[in-house]
Each structure stands twice: as C-alpha cells, then as structure tokens.
Amino acid sequence: MNLQTLDQLEQELEFTGFTNEDALQLGNLIIQYAKEKNAAIAVHIERCRVPVFTHLMDGTSEENYVWLFRKKRIVDHYNRSSAYIEARFIENGTTHTEGSLLSPGDYQAVGGSLPIRVKGLGVVGSVTVGGLTGELDHEYAVEGVRRFLAGK
C-alpha cells in the first residue's frame, strides 16, 4: 500500500472511545477472523501503554510474541501504523533499519501494528498482530478493527 492509502485507512479506523472491555472484544474479533482463515496468530492490545489483551493461538511461538513488541514500539514512537512507517521509509529509498537511529532488535517497521486513535483525543493505544507476513498481519489487524467499529 502507498502512504496516501495507509493514511486514509488510519483516518477511517478512528474510534469514538476505547476501554479495556473494548480491547477484549477487539482481540476476540481478530482471533475469530484468524480462525475463519485457519491461521495461527498472536495478538497484543495496549491502552495507554498498559497491556489489556494478549493471546497467542496454538501454533504460535515465543518469537511471535517478541515480534509483537518490535512492531508496537513503532506505533508508540511514531503514532502511525507500522505499515505506514515501513512504506514511508521505502518511499524515501531506504528501510527503517537503515534510515532510523532506532535499534532493529527493539523496533521493526513491518505491517501488523495499528494505532488506536480516538476522535478528539489522539492515539491512546495500539493493536498488534504477529505470526504471518507483515502484510497479512496488517490485514488481520485492520479487519478486526473494521469488524469492531461496524458493531458499535
């Protein structure tokens, strides 16, 4: 995806509020979507940088857990999706690993982590999916948020 498309997507996925109960519902929607696709994923959701939902499906590993945090730190740092930051660096002819001063052991700009942006407040958390490719992790996170927002 290009930057404009990713920017529009982030605006489209804006919440009107976000509670710990919302995190539970969102996490379960993402897990349900993965089950529909016969995929094994890890999901981590934070609100105000406090973990409020984490689940690793059967078939995932400790490495998937570690990657959740590498991607969510991108959202914490930039207040943008990890896919957006990845695309921004690529558009500038580099990668995040090469073009930023952040440790690649702690920060990986690959798809799968979205900011939880609340209208009138800004970014209040993140939702991160791992276990597949960055593109698919991004797709699963987006689909979960879309399903959550459609139910509100």
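Located above this text is the structure these notes cover.
One numbering rule holds for all chains: residues counted from 1, following each sequence as written. Reporting of local features is limited, given that this is a predicted model, to residues whose pLDDT is at least 70; pairs of side-chain atoms are given and counted only at 80 or more, and all residues count toward the totals for whole chains, interfaces and linings. Think of the side-chain values as coming from all heavy atoms in the structure, minus any hydrogens and water.

Student: When you look at helix H3 (residues 62–78) in this model, what are you seeing that I'm missing?
Tutor: In an α-helix there are 3.6 residues to a turn, and that puts residues three or four apart on one side. The end-to-end C-alpha distance of H3, which contains 17 residues, comes to 25 Å, matching closely the 24 Å that a straight helix rising 1.5 Å per residue would cover. For every residue, the accessible area obtained with a 1.4 Å probe (protein chains only) is divided by the maximum for its type, and the residue is called buried under 20%, exposed over 50%, and partly exposed between those limits. Numbered from the N terminus, helices here are DSSP runs of H or I no shorter than four residues, and strands are runs of E no shorter than two. Within H3, burial applies to Asn-64, Leu-68, Phe-69, Arg-70, Lys-71, Lys-72, Ile-74, Val-75 and Asp-76. Contacts are residue-level and defined by heavy atoms, with any inter-residue pair within 4.5 Å sufficient. In this fold, the buried residues of H3 make contact with strand E1 (42–47), helix H4 (82–91), helix H5 (96–99), strand E3 (113–118), strand E4 (122–130) and helix H6 (134–150). Looking one or two residues beyond H3, the residue adopting positive phi is Asn-79, at roughly 60 degrees. Take the residue count of a helix, subtract one, and multiply by 1.5 Å to get its expected span.

Student: Teacher, can you tell me more about the side chain of Thr-60 here?
Tutor: You can see Thr-60 is positioned in the loop between strand E2 (50–56) and H3. A distance of 2.6 Å separates the side chain of Thr-60 from the backbone oxygen of Met-57, its partner in a polar contact. A 3.5 Å cut-off defines polar contacts: any pair of N or O atoms within that distance qualifies, except that in protein one atom must be a possible hydrogen donor and the other a possible acceptor, and neighbouring residues in sequence count only when both atoms are side-chain atoms.

Student: Looking at this model, I keep getting lost on the nonpolar core. Mind explaining?
Tutor: Phe-15, Phe-18, Leu-26, Ile-41, Val-43, Ile-45 and Val-127 are the most contacted members of the largest nonpolar core, which totals 27 residues. Among the elements of the structure, helix H2 (20–36), E1, E3, E4 and H6 are those that each provide at least two residues to this core. Take this core: its biggest share by element is 6 residues, from H2. Residues within four places of Phe-18 in sequence aside, it is in contact with Ala-23, Leu-26, Ile-45, Arg-47, Ile-116, Val-118 and Val-124. Residues Leu-6, Ile-74, Ala-83 and Ala-87 belong to the second largest nonpolar core, which totals 11 residues. Buried residues of nine kinds, namely Ala, Val, Leu, Ile, Met, Phe, Trp, Tyr and Cys, make up a nonpolar core once their side-chain atoms join them within 4.5 Å.

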